[in-house]
Amino acid sequence: MTFAITQNCCTDAACVAVCPVNCIHPTPGERDFGTTETLYIDPGACIDCGACADACPVDAVHPVAELTPAQQPYAGINAAYFEGTGQPASGAGAEGDHGPNFHAWGAPSFDRVLPADFAPLRVAIVGTGPAGMYAAEDLLLHTRSEVTLVDRLPAPGGLIRYGVAPDHPATKRIGETFARFHTHPRVRLHLGLDVGTHITADELAAHHDAVIYAVGAASDRRLGIPGEDLPGSIAATTFVAWYNAHPEVAPDAVDLSSDRVVVVGNGNVALDVARILVSDPDSLAGTAIAGHALEELRRSKVREVVLLGRRGPEHAACTGTELLALKNLPGVDLVVDDHDARIGTAIDAAGAAGAAHKAGLFQDVPREAVDWSAPPRAAGGRRRIVFRFHSEPLALHGDGHLRAVRVTSGAGDARGAGEAEEQEIPAGLALRAIGYRGVPQAGLPFDEESGTVPHEGGRVTGRPGTYVVGWIKRGPSGGIGTNRRCAAETVGTLLADAVAGRLPAPTGGARAFRRLARRRR
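The rules behind the values
Residues numbered from 1 in each chain as written. Predicted model: local features only at pLDDT ≥ 70, side-chain atom pairs only at ≥ 80, totals over all residues. Heavy atoms only, no water. Helix = DSSP H or I, 4+ residues; strand = E, 2+ residues; numbered from the N terminus. Contact = heavy atoms within 4.5 Å. Areas by Shrake-Rupley, 256 points an atom, 1.4 Å probe, with all protein chains shown as cover. Lys, Arg positive; Asp, Glu negative; His and termini not counted. Charge placed at Lys NZ, Arg CZ, Asp CG, Glu CD. pLDDT = per-residue confidence, 0-100. Buried < 20%, exposed > 50% of the residue type's maximum accessible area, 1.4 Å probe, protein only. Pairing = 2+ DSSP bridges. Axes fitted to C-alpha atoms, helices over the stretch in contact; angles between N-to-C directions.

1. Things to note about the overall build of the chain
For step 1, the next point in the chain: When you go through the chain residue by residue, the secondary structure sums to 17 helices and 23 strands.
For step 2, the next point in the chain: Of the contacts formed within the chain by residues at least 6 apart in sequence, a portion of 74% connects residues at least 24 apart.
For step 3, the next point in the chain: Accessible surface computed for the chain: about 22700 Å², of which carbon and sulfur atoms make up 51%.
For step 4, the next point in the chain: Side-chain charges in the chain split into 49 positive and 60 negative, and the spacing between the mean points of these groups amounts to 7 Å.

2. Section: the confidence of the model for the chain
For step 1, the next point in the chain: For the chain, mean pLDDT is 90; residues scoring 70 or higher make up 92% of the total.
For step 2, the next point in the chain: Note that residues 412-416 has pLDDT below 50 and, in this model, 11 contacts with residues that lie over four places away or in other chains.

3. Quick word on the pairing of strand 15 (residues 383-388)
For step 1, the next point in the chain: In terms of residue burial, strand 15 counts as a mostly covered element, since 6 of its 6 residues are buried.
For step 2, the next point in the chain: Here strand 12 (residues 304-308) pairs with strand 15 via 5 bridges, running parallel. In the strand pairing of strand 15, Val305 is matched with Ile385.
For step 3, the next point in the chain: The pairing of strand 13 (residues 332-337) with strand 15 spans 5 bridges and is parallel. Counterpart to Val332 in the pairing with strand 15 is Arg383.

4. Quick word on the sheet that holds strand 16 (residues 393-397)
For step 1, the next point in the chain: Judged by pairing direction, the sheet is antiparallel, and its 3 strands sit side by side in the order 16-17-18 without closing on themselves. In the strand order of this sheet, the two ends are held by strand 16 and strand 18 (421-426), each with one partner. Strand-to-strand, the axes of this sheet are offset by a mean angle of 25°, without reference to chain direction.
For step 2, the next point in the chain: In the sheet, strand 16 pairs with strand 17 (residues 404-409) via 4 bridges, with the strands oriented antiparallel. Following the sheet pairing, Ala395 is matched in strand 17 by Arg406.

Dropping the structure here:
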């Protein structure tokens, strides 16, 4: 009986480290690592030891024989990865190998070498999301550093706490892995303390050898179209924060009295908000969803969610794993709006490849030319999600409140020749889900174009002893596990600076900072 990696994979490679037969790929040393949607288990090499399942922080690894009907496709997805990527089949490595236990081992490498007399550092980390906690873990496990965790919110966790959908409890479970460091004897946790409001960046730096900013991308990208600020038009990030009980979003921030919602974008966040909008509230009652959000969903009149995608189905921004999960949502129908000939052509061309190509995942999804002048309809009281590709918003219309979204309607032939037409989609709520964006940090340089802090290997430009990690460092890209490598680079740069004597000496101590934090908070 072999194992397979399923939807929840966080790609942090904890499973790779414990596999005794090197059957999980791509590994951190391979070219594809960090670019694939998940990691994959080679069914020909797996020896059914279960070490990967024990190590997985998000419960994504399961025996193939125990996969639910909804999870069954993942057995094929794992196997298919090894058919066309050049990865060694059945554990074979160099020529002459004869099984999974006899692959070639590379020479050992040591990325960091610290002197024997390396003194403990006092490091502050601003932000307790995955990026900040991976940095803290690295420092605590590999050095004798003392770590000060600072977060402006009253609960730790960052996007794990306030960004992951409540119906993804396995993904939220990685927060338990990080939480064990909150009570580490060399950690001090300060919640509700905002750098830039309660204390300055200079004050924080004065009490520590180094400061790492792991503040993520706290804002959203805007559409830049007329009517974007109408009541009824909000950011998907606001909606996500609303159903996760973010303290800075009011309980009445979302009104679900409209029967149709338009979501601009078709990435994973767009799929998250669409799924929450059409899910049976009873199925969410046992999750960590905010009470006010659950009450509003019970009153909701939403029957249809339209996902707008600027490009075709082959370029859908969501991961294939999230799309597969959406297809198994009880009581919900999926429809592809067949308004552009290019859509059907792309789906049919990719159908034979199945999950190997994103468009192929829509092969069994009904296609119809949706009549937007008619009210939302779904058989038997069901709700539905409509994927509308090759369409982008032009304006939001309404008199005091959103009434409709004007969008492009694709050209008529398969090549996209001719002029695109325009259509209005009646809707009382529009959510823009076109990406996150970093915001300026008090006392730090900022690149307005990329929404990041300028840096070299994590070292903030022009500010010795200050570092960045996560989305504020690289932009809003990559999942949870991507932050492990990102944090390793930043911590490596910090330690190299410490060894070279490039860190400014702090003028205040740990006790003085705790007193300062108590006074200012």
